[in-house]
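Here's the letter readout for the chains.
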Amino acid sequence: MSRPDSIAPIIVRDLSMAYGSRLIQQGLNFEIQRGEIFVIMGGSGCGKSTLLRHLIGLQAPAKGQVLIQGQDFWAGDEASRRLLQRRFGVLFQSGALWSSMTLNENVSLIIEQHCPELKPAEIAELAAFKLALVGLRGFDDYYPSEISGGMKKRAGLARALAVDPQILFIDEPSAGLDPISSKNLDELILALRDSLGATVVMVTHELPSIFGIADRAVFLDAKTKTQLALGAPRELLAHGGPQLREFLSRGETEMEASKA
Ligand SMILES: Nc1ncnc2c1ncn2[C@@H]1O[C@H](COP(=O)(O)OP(=O)(O)OP(=O)(O)O)[C@@H](O)[C@H]1O
């Protein structure tokens, strides 16, 4: 038997996704390796968010499997699914912060749920540490309404990191951010991956993020309803088919992407 740490943290095997009788994608096959930054990309409506929902066990496959560290979400009961979900952190597009709580309380709430044995002072200290990790040292007592969009994303990231996840899922990190905040967030995600050794799975269509920090990416196509390519973004740009090249060389980032 292979050792647990030799198994890819995420394996997608012959996955079909559907809403009722409406097929969204089929025949998806890929593995995400430990410590890699993996991007799910593709045009609007191709099924990126739907795939993310499958990877975090919120939606059951119409066919095929999603294995997290070798375990199938849907082979067990609700309780075993929840245990699996504890191994990862999720940053949704909205950041999902509670507006009536300070940043420290927002992070503390998650730590408290996962580690009920800790004392309140220990929880608050740990929450302050997580905020410092994302560059928000000293902002513990601020409310979400008092900070910028970029800082909200960072606080959301601190929440996702609250439970020392082995895998971090991030949905459209750049949504609603200006290019500089977006670049800073990308750099933070890269630094966190390097320091924590976590595996990062990101949904994004932002070329600077894709070329700046992704090790590999999967490209979903809405028309054929399947993955058209899998690989390092630069390789895909150089050797992918016309749809892929068109997607990866949009707008003003075209020059930047191919030259960097
Ligand atoms: N709950 C739902 N019920 C039925 N159809 C849905 C549901 N959610 C999404 N869809 C449809 O599934 C398809 C894929 O949606 P999804 O949100 O996964 O795409 P996406 O690639 O993330 O899109 P975008 O880039 O625009 O966010 C779309 O056609 C969408 O209309």
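Residues numbered from 1 in each chain as written. Predicted model: local features only at pLDDT ≥ 70, side-chain atom pairs only at ≥ 80, totals over all residues.

1. Focus: the overall build of the chain
Rules: Counting from the N terminus, the helices are DSSP H or I runs at least four residues long and the strands are E runs at least two residues long. It is over C-alpha atoms that the radius of gyration is taken, and the globule rule equals 2.2 Å times the number of residues to the power 0.38. Exposure classes come from backbone-placed C-beta atoms, where a residue is buried if 20 or more other C-beta atoms lie within 10 Å of its own, exposed if 12 or fewer do, and partly exposed in between. Here, residue contact means that the backbone-derived C-beta atoms of the two residues sit within 7 Å.
When helices and strands are tallied, the chain shows ten helices and ten strands. Its C-alpha atoms give the chain a radius of gyration of 19 Å, within 12% of the compact-globule value 18 Å for 260 residues. For the C-alpha atoms alone, the extent of the chain along its principal axes is close to 55 × 45 × 35 Å. Taking all 260 residues of the chain together, 37% fall into the buried category. A sequence separation of at least 24 residues applies to 66% of the contacts in the chain between residues at least 6 apart.

2. Focus on the environment of Ile11
By secondary structure assignment, the location of Ile11 is in strand 1 (residues 10–19). Linking Ile11 and Glu125, residues 114 residues apart in sequence, is a C-alpha distance of 36 Å. Not counting residues up to four positions away in its chain, the partners in contact with Ile11 are Glu31 and Leu67.

3. Here we look at the site of the ligand
Under the convention used in this document: The C-beta atom of each residue is placed using the backbone, and any residue whose C-beta lies within 6 Å of a molecule or strand is treated as near it. For this scheme, ten residues count as nonpolar: Ala, Val, Leu, Ile, Met, Phe, Trp, Tyr, Cys and Pro. Four count as charged, namely Asp, Glu, Lys and Arg, and the remainder, Gly too, count as polar.
Lining the immediate surroundings of the ligand are Tyr19, Ile24, Gly42, Ser44, Gly45, Cys46, Gly47, Lys48, Ser49 and Thr50. No other element matches the three residues that helix 1 (residues 48–55) contributes to the shell around the ligand. A per-class count over the shell around the ligand returns three nonpolar, six polar and one charged.

4. Comments concerning the sheet that holds strand 2 (residues 22–32)
Pairing between the strands of a sheet is mediated by backbone hydrogen bonds and can be parallel or antiparallel. Filter applied, for reference: For two strands to be treated as a pair, DSSP must find at least two bridges joining them.
Taken in spatial order, the four strands of this open sheet run 2-1-4-5, and their pairing is antiparallel. Of all strands in the sheet, those bounded by a partner on one side alone are strand 2 and strand 5 (71–72). Pairing of strand 1 with strand 4 (residues 63–68), which is carried by five bridges, proceeds in the antiparallel orientation. Note that in strand 4 the partner of Ser16 across the bridge is Lys63.

Any link to function would need more than the numbers given here.
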